Amino acid sequence: MSVTVKIPTPLRRVTDGVDEIEASSDRLDGALSILNERFPGIKERLFNDEGELHRFVNIYVNGEDVRFLSGLETPLKEGDEVSIVPAVAGG
């Protein structure tokens, strides 16, 4: 089973410019682990020391915010799209 993980521009420094990967996982946390295996160091940009997503990182599965689904345990199915969206602040 394959899902697409979309990588935002600010994280592409870690991925050598790659903007998306295919990952085989039935849960979000597994897909993010595959992302980290492929691009070591990206985990620190997504998670805090307690293993929780940073407050400024939003993740969507098929356009749905995972905070309103099952968080990192959100199930994935063939063809799903995972989008990592860093929060933008300004003033």
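Preceding this paragraph is the structure being described.
Residues numbered from 1 in each chain as written. Predicted model: local features only at pLDDT ≥ 70, side-chain atom pairs only at ≥ 80, totals over all residues. Heavy atoms only, no water.

### Notes on the nonpolar core
The nonpolar side chains of a soluble globular protein tend to be buried with one another.
Move 1: Judged by nonpolar contacts, the single largest core of 22 residues is most densely connected at Val5, Leu32, Leu35, Leu46, Ile59, Val82 and Ile84.
Move 2: For this core, the element with the most residues is helix 1 (residues 28-38), which contributes four residues.
Move 3: The contacts of Leu35, once residues within four sequence positions are left out, are Val5, Ile7, Ile21, Ile42, Leu46 and Ile84. (Core = buried A, V, L, I, M, F, W, Y, C linked by side-chain atoms within 4.5 Å. Buried < 20%, exposed > 50% of the residue type's maximum accessible area, 1.4 Å probe, protein only. Helix = DSSP H or I, 4+ residues; strand = E, 2+ residues; numbered from the N terminus. Contact = heavy atoms within 4.5 Å.)

### With respect to the pairing of strand 3 (residues 57-61)
Move 1: Strand 3 sits mainly inside the fold: four of its five residues count as buried.
Move 2: One ladder, built from two bridges, connects strand 3 with strand 4 (residues 64-65); its direction is antiparallel. Paired with Tyr60 across the two strands is Asp65, which belongs to strand 4.
Move 3: If you look at the hairpin formed by strand 3 and strand 4, you'll find two residues sitting between the two strands, and Asn62 has a positive phi there, around 55°. (Pairing = 2+ DSSP bridges.)

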